[in-house]
Amino acid sequence: MFSFGGGSSLTSVVPDATPAPAAPPGTGTGANAQVLYVFNRGGVCLLYREWHRPLRTLDPTQDQKLMFGLLFSLRSFTAKIDPTTAEKGNLGVPLLPGQGCSFYSFKTNTYKLNFLESPSGIKLILITHPRTGDQRDTLKHIYNLYVEYVVKNPLYAPGTPIK
Amino acid sequence: MPPLTGPKSGDALFGSVERVNAELFTLTYGAIVRQLLTDLEEVEEVNKQLDQMGYNIGTRLVDEFLAKSNVSRCVDFKETADVIAKLGFKMFLGVTATVTNWDAEGTSCSFVLEDNPLVDFVELPDTCQGLQYCNVLSGVIRGALEMVSMKTEVTWVRDMLRGDDAYEMRVKLTKQVPEEYPYKDDD
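Here the structure is a predicted model, which means the values were calculated and not measured.

Draft legend 1. The environment of Thr78 of chain A, seen in detail. The topology assignment puts Thr78 of chain A in helix 1 (residues 60-80). Sequence-distant contacts of Thr78 of chain A, that is, excluding residues within four places in its chain, are made with Cys101 and Phe103 of chain A.

As structure tokens, this is what we get:
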């Protein structure tokens, strides 16, 4: 398996895994997978797991919808302000596949949001402690697990939440 | 930030996936087609059913392909076609296809397969001359491309089972669907 940041490792991220205990934010030692979302292209939240999230202000559907909306807009915005390419559509105009750059994380003083979007529109979001390093490989690994255990499961109907 | 590892080569990819015995695969596929012919009776219906099966396979298979091949977004349809021919076919069938006959707009092309593991030991009897034996492949391509926002039409042009010299599949890109915000404003 692999480890999140430094220190202890999260042994499994497949459904039914025992939630790994997360250190409280601010201790700064890593090992902090706090929240994980998986969305499909239609904005359906396929999976939601939290390991450390003391404050909840919204109901889960609102929360997931806002998260999806944030990433959707942010992707379009990051492509729009990209200074390296000349071809960009207007802000708000939907991007064609393959168009524009894509972002993979953003950080605030209290958390870091790691993001992976596959060309097929699967979005993986992992919220960690702000001092964790690059999680792109981790997210790729999770995507591989999704393929092995969800996509290849003949009983799974595409587009439904993962049980 | 250094770039992550780039796309794998076709051979590396083929080596990294689970494989089954080629003859077992060929015979299983043959058995499926045979069973469909018995159940549905009409050759046209079988063609449709194979295409639908392929489509359902394609919609799932694309994720496995993307996860294992490290391919990121393709810039245009030409690149997509190359990736399918060199990596996609290699990964799942162990053969590579050649991409030819581009039209002027770059929206349709042909995949030519010299070697097709699906058709070993197969002969079409006179009663099934209309059968598109490999229709599952065209369905897979259509399904997989739809998942990456490309609507395509796939037709067979040449078929060795009908005496042609190779297998040729014509893929026509009809529409690229932009990503749309899935929720309505008021809900």
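Further notes follow.
Draft legend 2. Structural context of the sheet that holds strand 1 (residues 33-39) of chain A. Residue and element names in this part refer to chain A. Strands sit in the order 2-1-5-4-3 across an open sheet of 5 strands; the sheet is antiparallel. With one partner strand each, in any of the chains shown, strand 2 (45-50) and strand 3 (105-107) form the two edges of the open sheet. This sheet shows a mean twist of 10 degrees between the axes of neighbouring strands, independent of strand direction. Bridging between strand 1 and strand 5 (residues 123-128) involves 6 bridges; their strand directions are antiparallel. Following the sheet pairing, Tyr37 is matched in strand 5 by Ile125. Together, strand 1, strand 2, strand 3, strand 4 (112-117) and strand 5 form the strand contacts of helix 1, whose direction differs from that of strand 1 by roughly 75 degrees.

Draft legend 3. Region of the structure containing the packing of helix 3 (residues 43-69) of chain B against helix 4 (residues 77-93) of chain B. Residues and elements named next belong to chain B. Running from N to C, helix 3 and helix 4 cross one another at 100 degrees; their axes reach a closest spacing of 11 Å. Our classification of the angle between helix 3 and helix 4 gives roughly perpendicular. Seen from helix 3, the contacting residues are Leu61, Glu64, Phe65 and Lys68; seen from helix 4, they are Val83, Leu87, Gly88, Met91 and Phe92. Taken together, the residues that form the contact of helix 3 with helix 4 break down as 6 nonpolar, 1 polar and 2 charged.

Conventions used here
- Residue positions are given per chain, counted from 1 along the sequence in the order it is written.
- Throughout, the order in which chains and ligands are written sets their labels, letters from A for the former and numbers from 1 for the latter.
- pLDDT decides what is reported in this predicted model: residues at 70 or higher carry local features, side-chain atom pairs at 80 or more are listed and counted, and totals for whole chains, interfaces and linings draw on all residues regardless.
- With hydrogens and water set aside, each side-chain value is computed from the structure's full complement of heavy atoms.
- Numbering of helices and strands starts at the N terminus; helices are DSSP runs of H or I of at least 4 residues and strands are runs of E of at least 2.
- Two residues form a contact once any of their heavy atoms are found within 4.5 Å.
- Should DSSP find at least two bridges between two strands, the strands are regarded as paired.
- The axes used here are C-alpha line fits, helices contributing only the stretch in contact, and every angle between their N-to-C directions lies in the interval 0 to 180 degrees.
- Just so you know how the angles are binned, under 35 degrees is roughly parallel, over 145 roughly antiparallel, 65 to 115 roughly perpendicular, and the rest oblique.
- Amino acid classes used here: Ala, Val, Leu, Ile, Met, Phe, Trp, Tyr, Cys and Pro are nonpolar; Asp, Glu, Lys and Arg are charged; the rest, including Gly, are polar.

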